[in-house]
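Reading the structure
The residues making up each chain are set out below.
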Amino acid sequence: MAITAQQLIQWKQQGRAIVALTAWDYAIAQLMDAAGVDLILVGDSMAVVLGYKTTLPVTLEEMLHHAKAVGRAVKQALVVVDLPFLSYQESISQAMHSAGLVLKETGAQAVKLEGGYPAMVETIARLVQAGIPVMGHVGLTPQSVHQLGLKQQGKTEDSAERIFNEAMALEQAGVFSIVLEHIPADLAMEISKKLTIPTIGIGAGVHCDGQVLVTSDVLGLTEKHPPFAKVYTNMREAITKAVKDYISEVRDRRFP
Ligand code: KIV
Ligand code: NA
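Predicted model, so just to flag it, every value in this text is computed and none were measured. (Residues numbered from 1 in each chain as written. Chains lettered and ligands numbered in written order. Predicted model: local features only at pLDDT ≥ 70, side-chain atom pairs only at ≥ 80, totals over all residues. Heavy atoms only, no water.)

Let's shift gears to a nonpolar patch on the surface. A surface patch of nonpolar side chains, about 590 Å² in accessible area, is lined by Leu221, Ile239, Val243, Tyr246, Ile247, Val250 and Phe255. With respect to the secondary-structure elements, Tyr246 resides in helix H11 (residues 235–251). (Patch = residues over 30% accessible without salt bridge, like charges linked within 9 Å, V, L, I, M, F, W, Y side chains within 5 Å. Areas by Shrake-Rupley, 256 points an atom, 1.4 Å probe, with all protein chains shown as cover. Salt bridge = Lys/Arg side-chain N within 4 Å of Asp/Glu carboxyl O. Helix = DSSP H or I, 4+ residues; strand = E, 2+ residues; numbered from the N terminus.)

Given below as structure tokens:
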């Protein structure tokens, strides 16, 4: 049976850690799903495989294109798609339209929107009322990179309190889960304890209800990765070696 948003909430109650990863294409999504990942996020971090320096240039069309590929692959995991920059901030109606297209066209079950400020909480409440499952995202929100940079958030008492209140407001608005990105572990623990819905941490310590990482970091596909990422395998090396072996075999006429 495919994993639902309700299932994630139950797992939090049972203390079972939720495992999430990003995917941007059919092949990777299929492997992850078969390996047993609970939640697959078609993140706008896909910017890295499109050659963008930030997530800001990613368009809704690009998200839909990749989300469709992921949707065709996944049988078990809950699929969540990021709404990219400027596809939901303008108005509730813009957010409804963008989120609606994701659900209509991709086979994904939910969308993720960044921010917990009052206007965004209102937008999210309206999406939820319309039957669209929404995941929240607070702390470091990469679509605000030009305002926040990429540094840890919630370090001062004021900013910690703001992030805490945003998480509470998002739960009230009806999100089924919240990503906590790059905030102190004790703040993430406080938020996770207080909320009924599960928190999914990235650079937010071990006390979140689940963890997410960007797959290009996990697989060692990119040159740089954030300090909180863990590189589980070095695909850059593996791919370079395979390609070089192929080049020399063709040059030497050892292949075919
Ligand atoms: O785009 C993404 O990969 C994300 C995760 C870092 C949560 O939003
Ligand atoms: Na994202």
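The coordination sphere of the sodium ion (ligand 2) contains the protein donors Asp44 (OD) and Asp82 (OD), at a distance range of 2.2 to 2.3 Å. Pair noted here: Asp44 is in the loop between strand S2 (39–42) and helix H3 (47–50) and Asp82 is in strand S3 (residues 78–82), with a separation of 38 residues, a long-range link. Asp82 matches Asp44 in its accessibility class, with the two residues each being buried. (Donors = N, O, S within 2.8 Å, 3.2 Å for Na, K, Ca; no water. Buried < 20%, exposed > 50% of the residue type's maximum accessible area, 1.4 Å probe, protein only.)

In this section: unusual backbone geometry. A cis geometry characterises the amide bond from Phe255 onward to Pro256, with omega recorded as 0 degrees. Along the chain, the position of Pro256 falls in the segment after H11. Residue Leu86 is not a glycine yet carries a positive backbone phi of 70 degrees. Here Leu86 is to be found in the loop between S3 and helix H5 (92–106). The exposure class of Leu86 is partly exposed, given its relative accessible area of 47%. Phi is positive for His182, close to 45 degrees, though the residue is something other than glycine. For His182, the location among the structural elements is in the loop between strand S6 (177–181) and helix H9 (185–194).

Another point: the UniProt feature "binding site: Mg(2+)" (unreviewed entry) in the protein. Following the UniProt record, the feature "binding site: Mg(2+)" (unreviewed entry) maps to Asp44, Asp82 and Glu114 here. The greatest C-alpha distance among the residues just named is 10.9 Å, despite their covering 71 residues of sequence, which places them together in space. Taking the annotated residues in turn, Asp44, Asp82 and Glu114 line the largest pocket. We classify Asp44 as buried; its relative accessible area is 3%. Ignoring sequence-local partners within four residues, the contact set of Asp44 consists of Thr55, Val58, Met63, Asp82, Pro84, Glu114 and Gln143. (UniProt positions renumbered as here; feature names shortened; annotations may be inferred. 1 Å grid on protein atoms, 1.4 Å probe; cavity = no way out; pocket = protein on both sides within 12 Å on 5 of 7 lines; lining within 4 Å. Contact = heavy atoms within 4.5 Å.)

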